[in-house]
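Here is what each chain is made of, one letter per residue.
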Amino acid sequence: MSCQCQLEMAALRWLSWFSLLSAAIAAFTQPQDTEFTFLLPAGRQECFYQTAGANATMEVEYQVIGGAGLDVDFILMSPSGAMLVAEYRRSDGVHTVDVTEEGDYMMCFDNSFSTISEKLVFFELIFDTQQGDDEAENWAEMVEPDELLDIKIDDIKDAIETMKSRLEKSMQMQTVLRAFEARDRNLQDSNLDRVNFWSAVNLFVLVMVAVVQVYMLKSLFNDKRKIRT
């Protein structure tokens, strides 16, 4: 009877390890959060594709952090070709999409309306999936021994999940603040160049006016009449 119990316990351990390995593989195969900054030339359109599974939430955030006007057209399309988001001449945007179709989602940034100015664009993808919650609960029940431990697995799991969610929110907020800081810095540099240019123009005009005034004053006192003796 004891041998049979040992065999059952060994089988349960192998089954728990197999479930843990499957959950780890599923976690690695899920789409990861992504952030990217690229230069969009004038008169061009750039598209990006992201594979996403069903029963998840995808959050797309973009900002134009450089370039004249700080605006761009944005389009988000589903794998079947349905238009999910369409915005025109915007400097930033945040959109949350419920992923109901598995496949490649297309994001396009369009700068074709601008013929001179290129744009520096930052975007971030954040995925939130609830697929593994039931499996995690089943795994916790399966690996929990008959003897109750002083610290419950559920409490540890809840604390880790809370800490993970807060750290992810902190990282996302820091990324957004870095994008805002880069956009403000580029705007300040552009304003500084503009101020320096017009200051140089004003200085040149002032010097030319001063030279013309001196020349006119000197010409008033020049006596060009011929004196005969």
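Here the structure is shown first, and the text comes after it.
It should be emphasised that the depicted structure is a prediction, and the values quoted were computed from it without experimental measurement.

What counts, and at which threshold
Residues numbered from 1 in each chain as written. Predicted model: local features only at pLDDT ≥ 70, side-chain atom pairs only at ≥ 80, totals over all residues. Heavy atoms only, no water. Core = buried A, V, L, I, M, F, W, Y, C linked by side-chain atoms within 4.5 Å. Buried < 20%, exposed > 50% of the residue type's maximum accessible area, 1.4 Å probe, protein only. Helix = DSSP H or I, 4+ residues; strand = E, 2+ residues; numbered from the N terminus. Pairing = 2+ DSSP bridges.

Membership of the largest hydrophobic core comes to 23 residues, with the highest contact counts inside it found for Met58, Phe74, Leu76, Met107, Phe109 and Phe123. Only strand 1 (34-40), strand 2 (45-52), strand 3 (56-66), strand 4 (72-77), strand 6 (92-99), strand 7 (103-110) and strand 8 (119-129) provide two or more residues apiece to this core. A total of 5 residues in this core trace back to one element, the largest contributor, which is strand 3.

Here we take up the pairing of strand 7. Along strand 7, 7 of the 8 residues are buried, which leaves the element largely enclosed by surrounding structure. Alignment of strand 2 against strand 7, held across 8 bridges, turns out to be antiparallel. Note that in strand 7 the partner of alanine 52 across the bridge is glycine 103. Relative to strand 7, strand 4 runs antiparallel, the two being bridged by 5 bridges. What sits directly across from methionine 77, in strand 7, is methionine 106.

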